[in-house]
Amino acid sequence: MKKNLKYNLTWLAIMVVGYVVINLLEFVGVIDQFGENTMVLIGINIILATGLNLIIGFSGQFSLGHAGFMAIGAYVCALITSSISTPMGMAIGMIAGAAVSALVALIVGIPTLRLDGDYLAIATMGVAEIIRIILNNLKITNGPAGLYNIPLLATWPVVYLMVCVTTLIIVNFIHSRDGRAVMSVRENEIASESMGVNTTKWKVLAFVIGAATAAIGGALHANYIQTIAPTDFGIMESINILIIVVLGGIGSITGTFVAAAVLGLLDMILQNFGTLRMVLYSLALILLMVFKPSGLLGTWEFSVRNLFNRFTKSKQKGDA
Amino acid sequence: MLLEVEDLSVNYGVIQAVKGVSFKVNEGEIVSLIGANGAGKTTILKTISGLMKPSGGKIVYEGHEIQKQKSQKIVAGGISQVPEGRRIFAGLTVLENLQMGAFLRKDRDGLKKDYQEVFERFPVLRERKNQDAATLSGGEQQMLAMGRALTAKPKLLLMDEPSMGLAPIFINEIFDIIQAIKQQGTTVLLIEQNASKALAIADRGYVLATGNILMTGTGQELLANEDVQKAYLGG
């Protein structure tokens, strides 16, 4: 525990430094308003994709329903912040959205996670569609028109903070005893069961945490874009998040960060190309997949621990 | 008596793989179940460890019937398994594999000592502690599977074909290790196709064919038996 504390504090320091640096760059004028918009969108995508990476990369369960859980978070938070338009309301909205999303994930996870592979993909896609159709027909969600005039509460500092919080939670989960259990299920379900691991329980847990993370991403999305409609959360949105995970490397959180940033920047740069943009964007994806099928980083992970170890090792060598 | 299997039957759909098998394992013994492919050996092991449910009969462990218990409870009770084909967690490191073996253990302090014990028994695992298990050779993976089962501190260790697919030099080593494990007080139920080796180290053995027990005796008796020699030892 003590050891982990050291690494977590280091990460915290890195995050604070990162925040200061980015704010400085904004102050000097290197990053303009447009740049900040891009960073917010990248941040939201990071949150969405880390949650999905936990489900796909670490617990080894395929999900095509991430947008459904994102939608739950978006709607719950939008409804709450529409009546409490303060940062406090935003916090309540995110927590409530994550809770509802986790509950739904628990209910659908227990029966569907008995499936695997393609069957699970179809089942999770169905769940997301059901959520979308319910939102499309409820009075409180304003049907197909969706919600608008949602207060702008997902400012850049809030998004940055939430990226840090969700990443720290997920990375710590992965490196805990629970995380090992989740990964053992991915590696070999039968062996895992014969070690005394309740495989269904751990699969569902990873799914629930991933869904809660998606809800937080959705909440930020709603309070940044300020209008949401059920069509925003269709299968294409799930696939967009999946692309980030696959591109970065399934099972690499660092990869998710890099891929979200690369895709976000690519999107920004290609903005000037008009309709050609989608062609170039897709072409870039195809080329990447052809030349680096395991994703940008594979399963490689940037680790403060390894950095520390390398540092102490070279110091020992220097002493000797 | 540590384990008593009474009149155990197991079905795969309509096919009866195990047909009323009974045997016993006393504390501190190595007991070998030998038999050809399809004799029902692996099915028996899987049923003992709770991965399969029997259609009839009883499994009594330390005086309690366990045939209806979930595998988690059985592992927690002290029955640990080295599964067929090793089934290590390839994407996890060697140390993480061992940690998974100890998944249900509550005594955190004893754990460190037990990892050291495993590393002393299998020095190659210490060298590769932080490598992905996928990078190990077949023999090393078998050692990892055994080490993983031992970190659970089992009273009864079930081993399913530990010699499968290994070079002869590793096979000898594996059987030496099994004897050393027994010396330390762990009871072993061993399933093998390599009948000569399995019987040579066994206190008692059972010969299995198409779901029935044909013969039983001490390891040496079975080794000397003409029928066994003809059928399983190539004599």
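Residues numbered from 1 in each chain as written. Chains lettered and ligands numbered in written order. Predicted model: local features only at pLDDT ≥ 70, side-chain atom pairs only at ≥ 80, totals over all residues. Heavy atoms only, no water.

Caption draft 1: Representation of the overall build of chain A. Each helix and strand counted, chain A has 13 helices and zero strands in total. In chain A, the succession of α and β elements from N to C terminus is α-α-α-α-α-α-α-α-α-α-α-α-α. Here the C-alpha radius of gyration of chain A, 20 Å, is about what a compact globule of 320 residues would show, namely 20 Å. Projected onto the principal axes, the alpha-carbon positions of chain A cover approximately 70 × 55 × 45 Å. Every one of the 320 residues in chain A was classed for burial, and the buried ones make up 48%. Carbon and sulfur atoms form 71% of the exposed surface of chain A, whose accessible area is close to 15,400 Å². (Helix = DSSP H or I, 4+ residues; strand = E, 2+ residues; numbered from the N terminus. Rg over C-alpha atoms; globule rule 2.2 N^0.38 Å. Buried < 20%, exposed > 50% of the residue type's maximum accessible area, 1.4 Å probe, protein only. Areas by Shrake-Rupley, 256 points an atom, 1.4 Å probe, with all protein chains shown as cover.)

Caption draft 2: Structural context of the overall build of chain B. Per the secondary structure count, chain B includes 10 helices and 10 strands. Against the 2.2 N^0.38 benchmark of 18 Å for 235 residues, chain B shows a C-alpha radius of gyration of 17 Å, consistent with a compact globule. Along the three orthogonal principal directions, the C-alpha set of chain B runs to about 45 × 40 × 30 Å. Among the 235 residues that make up chain B, the fraction classed as buried is 52%. Considering only contacts in chain B between residues 6 or more positions apart, those separated by 24 or more positions represent 65%. In the form shown here, chain B has an accessible surface area of approximately 10,100 Å², with 48% of it arising from carbon and sulfur atoms. (Contact = heavy atoms within 4.5 Å.)

Caption draft 3: Structural context of the packing of aromatic side chains. Under the defined criterion, the tally for this structure stands at seven aromatic pairs over all chains. For the pair A:Tyr19 and A:Tyr160, a centre-to-centre distance of 5.3 Å together with 45° between the ring planes defines the contact as tilted. Here the residue A:Tyr19 occupies a position in helix α1 (residues 2-28), and A:Tyr160 occupies one in helix α6 (residues 156-174), the gap between them amounting to 141 residues. Using a relative accessible area of 25% as the deciding quantity, one classes A:Tyr19 as partly exposed. On the basis of relative accessible area, A:Tyr160 is assigned to the buried category, the value being 16%. Following the ring pairs from residue to residue traces out a cluster consisting of A:Tyr19, A:Trp156 and A:Tyr160. Residue placement shows A:Arg177 over the ring face of B:Phe103; its charged tip is 4.1 Å from the ring centre. (Phe/Tyr/Trp six-rings, centres within 6.5 Å; stacked < 30°, edge-to-face > 60°. Lys NZ or Arg CZ within 6 Å of the ring centre and 35° of its normal.)

Caption draft 4: Representation of helix α1 (residues 41-48) of chain B. Residues and elements named next belong to chain B. Taken across its eight residues, α1 has seven buried, putting it largely inside the fold. Of the residues making up α1, those classed as buried are Lys41, Thr42, Thr43, Ile44, Leu45, Thr47 and Ile48. Positive backbone phi, at 85°, marks Gly50, one or two positions downstream of α1.

Caption draft 5: The state of the cysteines, seen in detail. Residues and elements named next belong to chain A. Counted according to the given criterion, the structure contains zero disulfides over all chains. Not engaged in a disulfide, the cysteine Cys77 finds its nearest cysteine sulfur in Cys164; these two sulfurs lie 18 Å apart. Relative accessible area serves as the criterion here: at 13%, Cys164 is assigned to the buried category. (Disulfide = S-S within 2.5 Å.)

Caption draft 6: Structural context of the sheet that holds strand β3 (residues 30-35) of chain B. Residues and elements named next belong to chain B. Spatially, β6-β7-β8-β3-β9-β10 is the arrangement adopted by the six strands of the open sheet, whose pairing is mixed. In this open sheet, the two strands that pair with only one neighbour each are β6 (79-82) and β10 (212-218). Here the strands of the sheet are splayed against their neighbours by 15° on average, with no regard to which way each runs. Here strand β9 (residues 204-209) pairs with β10 via six bridges, running antiparallel. Considered in β10, the bridge of Gly205 is made with Gly217. Each of β3, β6, β7 (156-160), β8 (187-192) and β9 is contacted by α1, which is oriented at about 145° to β8, the strand it contacts most. Most of the contacts of helix α7 (residues 168-183) go to β8, to which it runs at about 155°, and overall it touches β3, β7 and β8. (Pairing = 2+ DSSP bridges. Axes fitted to C-alpha atoms, helices over the stretch in contact; angles between N-to-C directions.)

Caption draft 7: Structural context of the environment of A:Pro293. Residue and element names in this part refer to chain A. Mapped onto the elements, Pro293 comes out in the loop between α12 (276-291) and α13 (304-319). By relative accessible area, which is 59% here, Pro293 ends up exposed. Separated by 278 residues in sequence, Pro293 and Met15 place their C-alpha atoms 30 Å apart.

Caption draft 8: Main features of the sheet that holds strand β2 (residues 15-25) of chain B. Residues and elements named next belong to chain B. Within the open sheet, the four strands sit side by side as β2-β1-β4-β5. Their pairing is antiparallel. Strands at the two margins of the open sheet, each flanked by one partner only, are β2 and β5 (64-65). The pairing of strand β1 (residues 3-12) with β2 spans eight bridges and is antiparallel. The residue of β2 that forms the bridge with Tyr12 is Ile15.

Caption draft 9: Highlighting the environment of A:Gly234. Residue and element names in this part refer to chain A. Within the fold, Gly234 resides in the loop between α9 (199-225) and α10 (235-248). Note on Gly234: relative accessible area 15%, which makes it buried. Taking the C-alpha atoms as reference, Gly234 lies 7.1 Å from Glu129; in sequence the two are 105 residues apart. Each residue touching Gly234, except ones within four places of it in the same chain, is listed here: Ala67 and Arg132.

Caption draft 10: Representation of the side chain of B:Glu161 within the structure. Take B:Glu161: it is sitting in the loop between β7 and α7. We classify B:Glu161 as buried; its relative accessible area is 6%.

Caption draft 11: Representation of the confidence of the model for chain A. Scored by pLDDT, chain A has a mean of 89; 96% of the residues are at 70 or more. In the model of chain A, α13(A) stands out as the element of lowest mean pLDDT, 63, in contrast to helix α3 (residues 66-83) of chain A, which has the highest, 96. (pLDDT = per-residue confidence, 0-100.)

Caption draft 12: A look at the packing of helix α7 (residues 177-187) of chain A against helix α3 (residues 94-101) of chain B. Following both chains from N to C, one finds α7(A) and α3(B) inclined at 100°, their axes separated by 10 Å at the closest point. Between α7(A) and α3(B), the interaxial angle falls into the category roughly perpendicular. Residues A:Arg180, A:Ala181 and A:Ser184 of α7(A) form the contact with α3(B), whose own contacting residues are B:Glu96, B:Gln99 and B:Met100. For the contact of α7(A) with α3(B), a count of residues per class yields two nonpolar, two polar and two charged. (Parallel < 35°, antiparallel > 145°, perpendicular 65-115°, else oblique. Nonpolar A, V, L, I, M, F, W, Y, C, P; charged D, E, K, R; others polar.)

Caption draft 13: Examining the interface of chain B and chain A more closely. Every contact between the two is made by 19 residues of chain B and, on the other side, 18 residues of chain A. Between chain B and chain A, roughly 1,900 Å² of surface is buried when both sides are summed, and carbon and sulfur atoms account for 63% of that area. Between chain B and chain A we count zero salt bridges in total. Linking chain B with chain A are five residue pairs in polar contact (both at pLDDT 80 or more). Mapped by element, the contributors of at least two residues to the side of chain B that touches chain A are α2 (71-76) and α3 of chain B. The element best represented in the side of chain B that touches chain A is α3(B), accounting for four residues. (Buried area = accessible area lost by both parts, 1.4 Å probe. Salt bridge = Lys/Arg side-chain N within 4 Å of Asp/Glu carboxyl O. Polar contact = N/O pair within 3.5 Å; in protein donor to acceptor, adjacent residues only side chain to side chain.)

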